[in-house]
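# What the coordinates show
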Amino acid sequence: KQFWHPLITFPFVVALVLLSIFFSYYNVRDFYLYPPELPRIGRLVAELTKDGDKIVTDRVGDTTLLYLTGRKGAPGFYKDIPELKKLGYTHFVTLHKETAQDVETRYKLKILFESDEFTLFEL
């Protein structure tokens, strides 16, 4: 009350809180965006795999696909494919055609399902 009048202080505090909420939302909103076809891919992978299967994806650390499939696994390669197979991983899912072609020619993995959206390999 000594430095600011209450009629100035209240609107200033309200504006400060509203701007803080807006800028926080603006910075964080992109973390929760994912491709619209990802839930459909997750359901298909869940139908094509068993409950205990461990899956490797090439989503570079994004665990959304693993969450949508309901399977345990790794959201990216942290070892070579033969080593991942030894660790108990059973399937590999990629949404990139180039990666699918590279894995198919390099490691000669069996393709369980292939579409325009994704490819599912058996390790």
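Everything here concerns the structure above.
Residues numbered from 1 in each chain as written. Predicted model: local features only at pLDDT ≥ 70, side-chain atom pairs only at ≥ 80, totals over all residues. Heavy atoms only, no water.

The helix and strand tally for the protein stands at five helices and five strands. The C-alpha radius of gyration of the protein comes to 23 Å, more than 25% above the 14 Å expected for a compact globule of 123 residues. Considering only C-alpha atoms, the protein reaches an extent of 75 × 30 × 25 Å along its principal axes. Among the 123 residues that make up the protein, the fraction classed as buried is 28%. For the protein, the proportion of contacts with a sequence separation of at least 24, taken over those separated by at least 6, is 50%. Per element, the accessible surface of the protein, about 8900 Å² overall, is 60% carbon and sulfur. (Helix = DSSP H or I, 4+ residues; strand = E, 2+ residues; numbered from the N terminus. Rg over C-alpha atoms; globule rule 2.2 N^0.38 Å. Buried < 20%, exposed > 50% of the residue type's maximum accessible area, 1.4 Å probe, protein only. Contact = heavy atoms within 4.5 Å. Areas by Shrake-Rupley, 256 points an atom, 1.4 Å probe, with all protein chains shown as cover.)

To continue, consider the sheet that holds strand β2 (residues 72-74). Sheet strands line up and pair through hydrogen bonds in the backbone, either parallel or antiparallel. In space, the five strands of this open sheet follow the order β2-β1-β3-β5-β4, with mixed pairing throughout. Of all strands in the sheet, those bounded by a partner on one side alone are β2 and β4 (110-114). Within this sheet the neighbouring strands show an average axis-to-axis angle of 25°, counted without direction. Relative to strand β5 (residues 119-122), strand β3 (residues 91-94) is paired through four bridges, and the arrangement is antiparallel. Looking across to β5, one finds that histidine 91 is bridged to glutamate 122. (Pairing = 2+ DSSP bridges. Axes fitted to C-alpha atoms, helices over the stretch in contact; angles between N-to-C directions.)

To continue, consider the nonpolar core. One finds Val56, Ala74, Ile81, Leu84, Tyr89, Phe92, Ala100, Val103, Leu109, Phe121 and Leu123 forming the largest nonpolar core, which totals 11 residues. Those elements that place two or more of their residues in this core are α4 (81-86) and α5 (97-107). Sequence-distant contacts of phenylalanine 121, defined by excluding residues within four places in its chain, comprise Thr90, His91, Phe92, Thr94, Ala100, Val103, Glu104, Leu109, Lys110, Ile111 and Leu112. If you look at the next biggest cluster of nonpolar residues, it comprises 10 residues, including Val45, Val93, Leu95 and Phe118. (Core = buried A, V, L, I, M, F, W, Y, C linked by side-chain atoms within 4.5 Å.)

In this structure the tally under the stated criterion is four salt bridges. In this structure, the salt-bridge partner of aspartate 62 is arginine 59, at a minimum N-O distance of 2.9 Å. Taking the relative accessible area as the measure of exposure, arginine 59 reaches 19% and is therefore buried. Note that glutamate 122 is salt-bridged to lysine 110, the shortest N-O span being 3.9 Å. You can see glutamate 122 sitting in strand β5 and its partner lysine 110 sitting in strand β4, a full 12 residues away along the chain. (Salt bridge = Lys/Arg side-chain N within 4 Å of Asp/Glu carboxyl O.)

Take helix α2 (residues 38-48) next. For α2, the complete set of buried residues consists of Leu38, Ile41, Gly42 and Val45. The buried residues of α2 occupy an angular sector of 100° when the element is viewed end-on, so they sit on one face. Away from the buried face of α2 by more than 90 degrees, exposed residues Arg43 and Glu47 are located. Tucked into the core, α2 has its buried residues touching β1 (54-57), α3 (64-69) and β3. (Arc of directions from axis to C-beta.)

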